[in-house]
Amino acid sequence: MTGLSFLMSVLLTSASAAPAPVNVSRKVDLNRDLKAPGFVNLYEMDAKSVAKLPVLAQLKAHEINGRWNECLNLSSRVFAVQKELKGWVGQTWLHCLDKTQQKKTSAGQEDRVLTAIARQWHLFEVGPWSQDLWNMWVTQELSYLNAEAGKKNRKVLSRVERLLDNSGKLNRDQRSQCYQILGDFSLNDNDYPQAQFFYEEAQSLKDSKYLTEKLEFLAKTRNQAVAAAPAAQIEAIGEDGKLEERIRVSLKQNDLIPALKDTVTLLNQYPGGRAARRLKDKPLEIFNSINDNAIAAKALEEMGEADASRLLEWAQNLHRRGEWESGMKLAEKSYEKNPQSPTATSALWVSSRSAHFLGLYDKALDLYSKQIVISNGTDESSEALFRSSLIYYRKQDFTTAAALLERLVQQGKDRYDLNAQYWLVRSLQTFSKDRADKAAQALMDKYPFSYYGMRLRAESQGGKLTWPDVTAKDLKLNSSLWLVGSQKKSWDRFVALSAAGWVGEAQTELSDLPPMKDPTLQVLFAEKLAQRGQYFSAIRMVNDAMENDPRLRQQQFLKTGYPEIFTNFYQKESDRYGIDAILLRSLTRQESGFNMKAVSTSNALGLMQMIPPTAQDTAKRLGMKIEIPEDMFRPEINIPMGSFYVSQMLDQFSQNVPFALAAYNAGPYRLKKWVNARPEVSSAMTEPGSSPEAEVWVDELPWNETSFYVKAILRNTLLYRMVGKESYVVPPILWQDLLTKKAK
């Protein structure tokens, strides 16, 4: 063979042996891969229908309906056959195990489940379920190990060691429990030094009465007297010490003003001392304990002698609590003492808002004007411009209001843009119709589905609300996306979980999918998500799409974000309280986006976001026994409780829907305090209307979140009225038809 022939032979052989190119991506076509509804609503399904479902769906139905024994029995079977969904099934298995163990303990059953899941150790390390599954398993494992340790079952020692081998994944409490179990076994073996070591390790992680008693017992047994804690070193009594002692005596004798005066003196003269650190909040405590107005006024005078920074801290605290008059006085003192300080902006913010909320409009305007000057360009300055304009609107000085609002609109700040444009329209309507019409059209074009945009559109059409005109009615929607790496498995799990009604778990899988930049792809995917019960993700996605592509702002796409779900539950509560189901559904959309397992930063739970104390009180009033948080994630419990609370807010606020919504969000106590501070606001509650003058209070609220919340829900009610129709005639009081029995 010649050299050339040999080379050709090698090349041909290498080419034939080369592996086929690997396709690292997978194309998904939404219309093809998600063409069937692919969703079973387990929350509104009877037992007979459940029995006909595939076992994966049956398992979730058992968990949802609290059939714990059936759930536990079926879990082992499903866990064995589900390769890709084991992590999710494992969570359900542990949940059902925990529930059955609460009713009747079975150590053997508990051991079998925990052991079966532990054999799949990789589930704790990989997968979107891994952290929650680990936390559930460790909690149950420690419960089992503690019980078995009490029976002196030495087999658990190796399992304790396994946990400590993974101590980096355990929290302090869990590690403490492990060392406590080891200490118990050492004590049983009469190995006192080892027992003491383990108990001390446990106590260093988390102290408890049990550990203290064990260590005291060991000390006595070994004839070691427990050394008395060394007496705390008494601080040298200086002038600040004498003042602190005098304060203590005054408080004991209930001489509040002398105690307050001495406290302020101590804080001023010894600001860095230990006594000052201990007593820094004492003036507020004393002031808040005073019920007599004359004594409270004297207390404020004494507090006013403190330095500017402390005064501001106290003022901010009082402002948050709705003590606007006291907060205003302290904030003004703070500003007067140091008007050039960086804290001056905050002092003006507290004092100007407080004056506004108290109806001291001229004073508020003066303070706002100072704020605008010294903090020009900041958020505080923008807020001062906006709130000043609302005061001028109330005073019917519409020209000045318009000038301030035009200045604010020119700043282009998203936070105030919509509201500023709306009140600019209202101000212009009083003296320049042409300018008002142009400003209204600009707002409607930019914010067509906002509450203010829809109000203006209805007014421009004689009270008849219609859909905005859209030129691109036959848009071609993109339906393709590409998945790589772990996204492929996430997609497969999402499809399988959705089909079986595992809504929460399917939603978690969505977080691994690629971000979608194409708005037309977003609206199509949102539609597919809504068909699978993923309303929260669908709402967010369709909102993003319509914001980024005005061509999509039409009914066929918007309706995806306004689902009609849990119809029977809402209708039942509507009939009970005389509240239109649209209002209850609109509130739920704003609270949770129909995410049944939503948990807010303030620990509000479920569809209608009930906070635990309110939930407990509501359950008591309704004669219900609930478990928190679990029952708050059940629509058949959350919706009745949330609806009852809505009815309570309506009763407390004169059947006025906007005020009731504000109370639902901010709390009735806080809102009442704010409403009662000004007659013009309280009259807006008792003499309802939908004129701009009757609604200006919504944008005056102290809480931006609540202001947005009220308008968002009113917007939702309008859109729910509109979906499926060509038009809707808005009543004179926009929300009056939302109360079917009580409102007059």
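Keep in mind the model is a prediction, meaning the values are calculated, not measured. (Residues numbered from 1 in each chain as written. Predicted model: local features only at pLDDT ≥ 70, side-chain atom pairs only at ≥ 80, totals over all residues. Heavy atoms only, no water.)

**Student:** Is there a simple way to think about the state of the cysteines in this case?
**Tutor:** Here, the word disulfide means a covalent bond between the sulfur atoms of two cysteines. Tallied over the full model, the rule gives one disulfide. Disulfide pairing places cysteine 71 opposite cysteine 96 at an S-S distance of 1.9 Å. One disulfide, between cysteine 71 and cysteine 96, carries an S-S torsion of 70° and so falls in the right-handed class. Taken as a pair, cysteine 71 in helix H5 (residues 68–81) and cysteine 96 in helix H6 (residues 86–103) lie far apart in primary sequence, 25 residues in all. Like cysteine 96, cysteine 71 is buried. (Disulfide = S-S within 2.5 Å. Helix = DSSP H or I, 4+ residues; strand = E, 2+ residues; numbered from the N terminus. Buried < 20%, exposed > 50% of the residue type's maximum accessible area, 1.4 Å probe, protein only.)

**Student:** Looking at this structure, how should I read the pattern of salt bridges?
**Tutor:** Proximity of charged atoms lets side chains of opposite charge pair with each other. The final tally for this structure, using the stated rule, is 44 salt bridges. Two residues, lysine 282 and glutamate 285, come together in a salt bridge whose shortest N-O distance is 3.1 Å. With lysine 282 and glutamate 285 both in helix H16 (residues 282–288), this residue pair falls three residues apart, about one helical turn. Owing to a relative accessible area of 21%, lysine 282 belongs among the partly exposed residues under this scheme. Assessed through its relative accessible area of 47%, glutamate 285 is described here as partly exposed. For arginine 493, the salt bridge identified is with glutamate 509, shortest N-O distance 2.6 Å. One end of the pair, arginine 493, is in helix H27 (residues 486–499); the other, glutamate 509, is in helix H28 (residues 503–510), and 16 residues separate them in sequence. Of the residues examined, arginine 493 reaches a relative accessible area of 9% and is grouped as buried. Of the residues examined, glutamate 509 reaches a relative accessible area of 1% and is grouped as buried. If you follow the salt bridges from partner to partner, you end up with Asp111, Glu141, Arg159 and Arg162 in one network. (Salt bridge = Lys/Arg side-chain N within 4 Å of Asp/Glu carboxyl O.)

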